[in-house]
Amino acid sequence: RELRCGQCVNFDCRKTTHQCVAEQSYAEGSTWVAREVTDKFFIGGREHDASLPQSSLAFNFVFGCQRSETGLFQTQLANGIMGLSARNPMLVTQMFNKHKIQHNAFGQGDVNTM
């Protein structure tokens, strides 16, 4: 669900469209524009379980959904980039604040070797 002005959490209200919008430009000329949205989110396991989105791990996650891109964002080979900004409210902070995880911390690695 797209957030409207008055509901913006981390983006600025664009009064002409009543949307919560963020824009970013880079030195080499690439840009993106995103709208702030919310959707049901959960981190699942390796096996698909249709009941998981309704589980106690699910919560309403607020994030930016890119609507336009220019430059290298259009030609890059990678797909599905997820930004984990230190700026609040990032994924980990939202999960912690909604009591879905015990610590407000993020780590990356193979859990089998930690």
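As shown above, the structure is provided for reference.
Anyway, here's the lowdown on the structure attached to this text. Model, not experiment: these values are computed from the prediction.

### So, the nonpolar core
Now for step 1: Listed in full, the eight residues of the largest apolar core are Leu3, Phe11, Cys20, Ala22, Trp32, Ala34, Val62 and Phe73.
Now for step 2: Looking at this core, the elements with two or more residues in it are β2 (19-25) and β3 (31-41).
Now for step 3: Here Ala34 is in contact with Phe11, Cys20, Val21, Ala22, Gly64, Cys65, Gln66 and Arg67, once residues within four sequence places are set aside.

### Considerations on the sheet that holds β2
Sheets are built from strands that pair by backbone hydrogen bonding, the pairs being arranged parallel or antiparallel.
Now for step 1: Overall, antiparallel pairing links the four strands, which are arranged β1-β2-β3-β4 in an open sheet. One side of each edge strand has no neighbouring strand; the edge strands of this open sheet are β1 (12-14) and β4 (59-70). For this sheet the average axis-to-axis angle between neighbouring strands, irrespective of direction, equals 45 degrees.
Now for step 2: In terms of strand pairing, β1 meets β2 through three bridges, oriented antiparallel. What sits directly across from Asp12, in β2, is Val21.

### Points about the state of the cysteines
Now for step 1: Inspection of the entire model under this criterion finds two disulfides.
Now for step 2: With its sulfur 1.9 Å from that of its partner, Cys5 forms a disulfide with Cys13. With the S-S dihedral at roughly 95 degrees, the linkage between Cys5 and Cys13 falls on the right-handed side.
Now for step 3: Take Cys13: its relative accessible area is 32%, and that puts it in the partly exposed class.
Now for step 4: Covalent S-S linkage joins Cys8 and Cys20, the inter-sulfur distance amounting to 2.0 Å. A torsion of -95 degrees about the S-S bond marks the disulfide between Cys8 and Cys20 as left-handed. Taken together, the residues Cys8 in the segment before β1 and Cys20 in strand β2 connect sequence positions twelve residues apart.
Now for step 5: Note on Cys8: relative accessible area 24%, which makes it partly exposed.

Cut-offs and rules
- Residues numbered from 1 in each chain as written.
- Predicted model: local features only at pLDDT ≥ 70, side-chain atom pairs only at ≥ 80, totals over all residues.
- Heavy atoms only, no water.
- Core = buried A, V, L, I, M, F, W, Y, C linked by side-chain atoms within 4.5 Å.
- Buried < 20%, exposed > 50% of the residue type's maximum accessible area, 1.4 Å probe, protein only.
- Helix = DSSP H or I, 4+ residues; strand = E, 2+ residues; numbered from the N terminus.
- Contact = heavy atoms within 4.5 Å.
- Pairing = 2+ DSSP bridges.
- Axes fitted to C-alpha atoms, helices over the stretch in contact; angles between N-to-C directions.
- Disulfide = S-S within 2.5 Å.

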